[in-house]
Amino acid sequence: MEDLNRSHLNTASDNQPTVIQQTEQVNTKVQERFDAELHAFITVITESSWFNALIMFTIFLNALFIALETENKIKNMSPDLFLVMDELFLAIYTIEFLLKIYAEPVGYWKRSYNLFDFLVLALSLVKAVILKFYSGKPRGVGALGVLRASRTLRTLRTVSFIRGLQVLVTALLDTIRKSVLNIVMLLLLMMFLFGIMGYYFFGYKNDSDTENWGNLGSAMLTLFTYVTVDGWTDLQHILDEKNMSGSRIYTVIFIFLGHFIFTNVFIAVIIMNISEATENYKTEQKEEREAVIRHKKEFMTRRQHSEVKQMMEKQRSGHYTNFNEMVAEYQRTLRHNDYMFLTDHATNLLWIELYLKSLDHMDNTMFR
């Protein structure tokens, strides 16, 4: 199987169906359309690897120009270049959207990543329309800056083309939807209880810390600082200066519960779900590779059996004058990229015996 696996990797390009073959396969499914041939051709294009590579290259190039546009020196040197390139990128994205809609008018909207791509494209088109009809900076178009900043969302479209990133993002969203929300709700409930207690302990009196504990909102914001463990020592120093008894015990208990327990549980749940999703993805990839190899092996076995059967029928019907002619005809049907199942041959004693005898005959004929 390992030899077959290596042969599969080496001859993958030889066994890839051509564009014409893919078009014929898709064409059989869309015979009811009046433009079946064009639809099949566009479908093959949108599903091809070179088309996805072109879109990925466009996304990375667009991200590069967005980054360069933030440098004023580079932008002032050629401001028109950035405008032209932005319109060019938008045109490519629009053509991609139209091709995919034409290929899959219904199936396109069933994928969440396609919906995200459409949202990014729609925001870019709205910005282009606003710039077209409103030159300069007119009053009432304050959202133009937000739309310009939304161009950075185009770089997130790389998730739509990389399967590994899709697995991670899907696992992260599923984790937030199923487990993390419950943890966050429990943490907010605990912050609410400690916020009420903190208000009566440290912010209820006039000489207390009313700035950080004077109401429930400021108390919960202070507790959020305790959860992140960023700047909590300054808050504790203020309580110590006001001689708030028991403040240190209160702070240690909440940091232990909010940071060391809830934060680590939050991270652990995410890591566990992402690890599980990654293992499932690897298992699916392995099953797909094994299915492809198994399909190729079955196809080659059926083809070889069919060819041998045809030759035997021709021999019985008198098409061959002798056995050597039949073998020569069979040799002409062999291909240089045919797979050899060495595992089966290596465990077959008859094959080994014939192989050794053939080597002996070769030695006798070569040195005679």
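If you're wondering where the values come from, they're calculated on a predicted model, not measured in any experiment.

Conventions and cut-offs
- Residues numbered from 1 in each chain as written.
- Predicted model: local features only at pLDDT ≥ 70, side-chain atom pairs only at ≥ 80, totals over all residues.
- Heavy atoms only, no water.
- Helix = DSSP H or I, 4+ residues; strand = E, 2+ residues; numbered from the N terminus.
- Buried < 20%, exposed > 50% of the residue type's maximum accessible area, 1.4 Å probe, protein only.
- Contact = heavy atoms within 4.5 Å.
- Areas by Shrake-Rupley, 256 points an atom, 1.4 Å probe, with all protein chains shown as cover.
- Axes fitted to C-alpha atoms, helices over the stretch in contact; angles between N-to-C directions.
- Parallel < 35°, antiparallel > 145°, perpendicular 65-115°, else oblique.
- Left-handed = near helix turned anticlockwise from the far one by under 90°.
- Nonpolar A, V, L, I, M, F, W, Y, C, P; charged D, E, K, R; others polar.
- Expected span 1.5 Å × (residues − 1).
- Salt bridge = Lys/Arg side-chain N within 4 Å of Asp/Glu carboxyl O.
- pLDDT = per-residue confidence, 0-100.
- Phe/Tyr/Trp six-rings, centres within 6.5 Å; stacked < 30°, edge-to-face > 60°.

*Asks:* How do you make sense of the overall build of the chain when you look at a structure like this?
*Replies:* Tallying secondary structure elements over the chain gives 17 helices and zero strands in all. Counting all 368 residues of the chain, 28% fall into the buried class. In the chain, once contacts between residues fewer than 6 apart in sequence are set aside, the share between residues at least 24 apart is 64%. Accessible surface for the chain amounts to roughly 25400 Å². Of this, 63% is attributable to carbon and sulfur atoms.

*Asks:* Please explain the packing of helix α5 (residues 49-69) against helix α7 (residues 79-103) as it appears in this structure.
*Replies:* Each pair of packed helices can be described by the angle between their axes along with the distance between the axes. Packing of α5 against α7 leaves a shortest axis separation of 11 Å and a crossing angle of 150 degrees. When the interaxial angle is binned, α5 and α7 end up roughly antiparallel. As for how α5 packs across α7, the hand of that crossing is left-handed. Facing F51, I55, T58, I59, L61, N62, F65, L68 and E69 of α5, the residues of α7 in contact are L81, F82, M85, F89, I92, Y93, E96, L99 and K100. Counted by class, the contact of α5 with α7 contains 13 nonpolar, two polar and three charged residues.

*Asks:* Hey, could you run me through the side chain of T58 in this one?
*Replies:* Tracing the chain through its elements places T58 in helix α5. Excluding residues within four positions of it along the chain, T58 makes contact with F89, I92 and Y93.

*Asks:* Looking at this structure, how should I read helix α8 (residues 112-133)?
*Replies:* The α-helix winds at 3.6 residues per turn, so residues separated by three or four positions along the chain end up facing the same way. With 22 residues, α8 extends 32 Å between its outermost C-alpha atoms, agreeing within 8% with the 32 Å of an ideal straight helix rising 1.5 Å per residue. All buried positions along α8 are accounted for by N114, D117, V120, L121, S124, K127 and I130.

*Asks:* What am I meant to see in unusual backbone geometry here?
*Replies:* Phi at V229 takes a positive value of approximately 55 degrees, unusual for a residue other than glycine. Looking at the element boundaries, V229 is found in the loop between α12 (216-228) and α13 (232-241). Taking relative accessible area as the criterion, V229 reaches 32% and is therefore assigned partly exposed. One non-glycine residue, N243, lies in the positive phi region at around 55 degrees. As for its position among the elements, N243 is in the loop between α13 and α14 (247-317). Using a relative accessible area of 67% as the deciding quantity, one classes N243 as exposed.

*Asks:* Explain the environment of T170 here, please?
*Replies:* Within the secondary structure, T170 sits in helix α10 (residues 163-203). For the pair T170 and I274, spaced 104 residues apart in sequence, the C-alpha to C-alpha distance is 8.9 Å.

*Asks:* Whenever I open this one, the pattern of salt bridges confuses me. Can you help?
*Replies:* Opposite charge on two side chains permits them to pair, given that their charged atoms come into close proximity. Under the defined criterion, the tally for this structure stands at three salt bridges. Its salt-bridge partner being R111, residue E104 comes within 3.0 Å of it at the nearest N-O pair. Owing to a relative accessible area of 29%, E104 belongs among the partly exposed residues under this scheme. The class of R111 is partly exposed, set by a relative accessible area of 41%.

*Asks:* Would you take a moment to explain α7 for this structure?
*Replies:* For α7, which comprises 25 residues, the first-to-last C-alpha distance of 37 Å matches the rise-based estimate of 36 Å (1.5 Å per residue) to within 8%. Buried within α7 are the following residues: F82, M85, D86, F89, L90, Y93, E96, F97, K100 and A103. Residues of α7 that are buried make contact with α4 (36-46), α5, α6 (72-77) and α8.

*Asks:* Got a minute to help me understand the confidence of the model for the chain in this structure?
*Replies:* Caution applies to low-pLDDT regions: their predicted coordinates should not be interpreted in detail. Residue-level pLDDT values for the chain average 77, and 77% of them are 70 or greater. Per-element mean pLDDT across the chain ranges from 41 in helix α1 (residues 2-10) up to 90 in α12. Considering only residues more than four positions removed or in separate chains, one finds that residues 1-20, a stretch of pLDDT under 50, has 19 contacts. Confidence drops under a pLDDT of 50 for residues 26-31, and excluding neighbours within four residues, the segment shows nine contacts in the predicted structure.

*Asks:* Would you explain the packing of aromatic side chains in this entry?
*Replies:* Each aromatic ring pair is specified by the distance between its two centres and by the angle formed by the two planes. As enumerated under the stated definition, the model contains 20 aromatic pairs in all. Each ring, one from Y108 and one from W109, has its centre 5.2 Å from the other, and the planes form 85 degrees; the classification is edge-to-face. With relative accessibility at 37%, the residue W109 sits in the partly exposed group. Taking 5.4 Å as the distance between ring centres and 65 degrees as the angle between the ring planes, the aromatic pair formed by F202 and W213 counts as edge-to-face.

*Asks:* What's the story with the environment of F41 in this structure? I'm lost.
*Replies:* Tracing the sequence through the fold places F41 in helix α4. Along the chain, F41 and A103 lie 62 residues apart, while their C-alpha atoms are 8.9 Å from each other.

*Asks:* When you look at the environment of Y250 in this model, what are you seeing that I'm missing?
*Replies:* Tracing the backbone shows Y250 in helix α14. For the pair Y250 and M197, spaced 53 residues apart in the sequence, the C-alpha separation amounts to 9.4 Å. Beyond its immediate chain neighbours, meaning those up to four positions away, Y250 contacts F194, G195, M197, G198, F201, F202, W213 and L223.

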